Amino acid sequence: MRTQVGIIGGGPSGLLLSQLLHRRGIETVVLEKHSREYVLERIRAGVLEHSFAELMREAQVGERMDREGQIHDGFYIAHGGIKKRVDLRALTGGKTVIVYGQTELTRDLYEARDQAGGILIHNAADVKPHDLASPHPYLTYRLGEETVRIDCDYIVGCDGFHGVSRQSIPKEKVRTFERVYPFGWLGVLTRTEPVSPELIYARHERGFALCSLRSPTLSRYYIQVPLSDSVDNWPDEQFFDELRRRLPAGVSEAMITGPSIEKSIAPLRSFVIEPMRFGKLFLAGDAGHILPPTGARGLNTAASDIHYLYHALVDHYSQRDDRGLESYSQRALARVWKGQRFSWWMTNLLHRFPDSSPFDERIQETELAYLFSSEKALALLAENYVGLPL
Ligand SMILES: Cc1cc2nc3c(=O)[nH]c(=O)nc-3n(C[C@H](O)[C@H](O)[C@H](O)COP(=O)(O)OP(=O)(O)OC[C@H]3O[C@@H](n4cnc5c(N)ncnc54)[C@H](O)[C@@H]3O)c2cc1C
């Protein structure tokens, strides 16, 4: 088999790139290790910035997102028993975010690829990229007993943090940067009305908490837990008791709870690989970087990679102009690092660190007090939250 762009990974990054390139007449094959059901069961991101939504529309998959997604003009930060609003629209001159689940947008992308007859191979085992430093790279994968070869012009690694693409780059050709936080987020999804129509990020001496949502009937709640913790230690009742303790009284009293339909712990990590290219292989999304979920940058940063790579590939195929491909890594990384800085700052502002001293706690309190006393400080927060320009 032969294609122009071979894509490893059928998550949001791989599907979005495939759909965008298809609309510009560029052929792709997407190889996904898991079944479609498995991919669609993963409950992850939910807050989309403006430029992500624009990319979905450009890919002609934004119709349901625009119909069912909720536009959020702001969010709250709770601290010391009260919550204060960050008015995104007012602070950014009219910008907002959209709340629309990653599961839903992945479903929309699958449907669009199916309708267009896109080649998307699920359960592709043992996917391997080959000859990346040569002009003729190719992919192999196993389907049952058969090994299939796909010759490509370019290979894009969209296979997430644990994928094969990043591992295929010789170690001496890259540099990695990492911070592993000593805690994770225990998340619970319930079919209940969310306690607040806008997200509430809460700093509390018992640890961070977040009241988020996926739709008017689907709530997503998180609490900070030690990395060593397990979901088995958190029956629903205990989870909600702990969540309530970390929220202002007015919020916890208003909360409607229900049985969890999903419960998982996500570790918090910051990770970047440089460069995001090796020969004919380009990395995009979580394959190249991981951001802690505080501040909702992960999927949005993946989308900015896709934006740069999509335009670079279109320029290559339509005008034989390779400047975008040559500068891809540098441009993508510039935005990745801004997202990292913001997520790191939000994480440090709102979490309780096991080794934090009374001094560190006072600094957190002072940072929050300063934030809500300065329109300029709030504007910086808002500018980053809605997404910096591409
Ligand atoms: C709890 C949580 C909350 C989050 N909240 C937000 C948020 O609100 N906003 C935000 O912007 N981001 C958020 N994120 C981050 C966001 O979910 C990720 O950044 C996003 O999934 C990245 O998409 P991706 O397509 O690059 O990678 P993935 O979603 O990881 O997709 C990679 C795909 O590649 C496949 N794959 C892996 N290995 C191979 C292989 N060897 N061969 C073939 N296929 C392979 C995988 O099965 C997977 O389908 C959150 C993450 C978590 C965990």
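Definitions and cut-offs
Each residue is numbered by its place in its chain's sequence as written, counting from 1. A pLDDT threshold of at least 70 governs which residues receive local features in this predicted model, and a stricter bar of 80 or more applies before side-chain atom pairs are shown or counted, although totals over entire chains, interfaces and linings include all residues. Calculated side-chain values reflect all of the structure's heavy atoms, with hydrogen atoms and water omitted. Think of it in three bands: residues with accessible area under 20% of the maximum for their type are buried, residues over 50% are exposed, and the middle band is partly exposed, with areas taken using a 1.4 Å probe on protein chains only. Numbering goes from the N terminus for both helices and strands, where a helix is a DSSP run of H or I of at least four residues and a strand is a run of E of at least two. Two strands make a pair as long as DSSP finds a minimum of two bridges between them. Should any heavy atoms of two residues lie within 4.5 Å, those residues are considered in contact. The angle between two axes is taken between their N-to-C directions and runs from 0 to 180 degrees, where each axis is a line fitted to C-alpha atoms and a helix contributes only its stretch in contact. Definition used for salt bridges: Asp or Glu carboxyl oxygen within 4 Å of a side-chain nitrogen of Lys or Arg. Expected span of a helix, by definition, is 1.5 Å for each gap between consecutive residues, and there is one gap fewer than residues.

Some remarks on the pairing of strand E16 (residues 218-226)
Counting buried positions along E16 gives eight out of nine residues, so the element sits mostly inside the fold. One ladder, built from eight bridges, connects strand E13 (residues 175-190) with E16; its direction is antiparallel. When the bridges of E16 are listed, Gly184 appears paired with Val225. Inspection of the sheet shows strand E15 (residues 209-215) paired to E16 by six bridges, in the antiparallel sense. Within E16, the residue paired with Ala209 across the bridge is Ile223. Hairpin connection from E15 to E16: two residues lie between these consecutive antiparallel strands.

Regarding the sheet that holds strand E1 (residues 5-8)
Within a sheet, adjacent strands bond to each other through the backbone by hydrogen bonds, running parallel or antiparallel. Read across the sheet, six strands follow the order E8-E2-E1-E12-E19-E18 without closing on themselves; strand pairing throughout is mixed. Single-partner strands in this sheet number two, and they are strand E8 (119-121) and strand E18 (277-278). Direction of pairing for strand E2 (residues 28-31) relative to E8: parallel, over a ladder of three bridges. Note that in E8 the partner of Val29 across the bridge is Ile119. Packing against the sheet, helix H9 (residues 298-319) makes contact with E1, strand E12 (154-157) and strand E19 (281-283), and its axis sits at approximately 175° to E12.

Considering the pattern of salt bridges
Applying the stated rule across the entire model yields 27 salt bridges. The partner of Arg64 in a salt bridge is Glu68, with the nearest N and O atoms 3.1 Å apart. With a gap of four residues between them, Arg64 and Glu68 both fall in helix H4 (residues 63-68), about one helical turn apart. Residues Arg85 and Glu198 are paired through a salt bridge, measuring 2.8 Å at the closest nitrogen-oxygen approach. With Arg85 in strand E6 (residues 82-87) and Glu198 in the loop between E13 and strand E14 (200-202), the pair connects residues that are 113 residues apart, well separated along the chain. Classification of Arg85 as partly exposed rests on a relative accessible area of 34%. One network of salt bridges, with partners in common, ties together Glu63, Arg64, Arg67, Glu68, Glu104, Arg107 and Asp108.

With respect to the pairing of strand E17 (residues 260-274)
As a general feature of sheets, a regular strand has side chains that alternate between the two faces. The pairing of E13 with E17 spans 13 bridges and is antiparallel. Counterpart to Arg179 in the pairing with E17 is Ser270. Note: E17 against strand E20 (residues 289-290), two bridges, orientation antiparallel. In the sheet register, Val272 faces E20, and the bridge partner there is His289.

So, the sheet that holds strand E11 (residues 146-151)
The strand order E9-E10-E11 describes an open sheet built from three strands, whose pairing is antiparallel. Of all the strands in the sheet, the pair left with one neighbour each is strand E9 (125-130) and E11. For this sheet the average axis-to-axis angle between neighbouring strands, irrespective of direction, equals 20°. Sheet topology places E9 next to strand E10 (residues 138-143); four bridges connect them, and they run antiparallel. Across the sheet, residue Lys128 finds its bridge partner in E10, namely Thr140.

What about the environment of Glu49?
Mapped onto the elements, Glu49 comes out in the loop between strand E3 (47-48) and helix H3 (50-58). Sequence-wise, Glu49 and Leu388 are 339 residues apart; in three dimensions their C-alpha atoms are separated by 9.2 Å. Other than its neighbours up to four places away in sequence, Glu49 contacts Val97, Arg297, Asn300, Arg335, Val386 and Gly387.

Some details on helix H1 (residues 12-23)
What sets the pattern is the α-helix's 3.6 residues per turn: residues three or four places apart point alike. Taking 1.5 Å of rise per residue, 12 residues should cover 16 Å, and H1 covers 17 Å from first to last C-alpha, within 8% of that figure. Of all 12 residues making up H1, 10 are buried, and the element is well covered by its neighbours. Turning to H1, its buried residues number three or more, namely Pro12, Ser13, Gly14, Leu15, Leu16, Leu17, Ser18, Gln19, Leu20 and Leu21. Positive backbone phi, at 75°, marks Gly25, one or two positions downstream of H1.

Read these as geometric descriptors, not functional statements.
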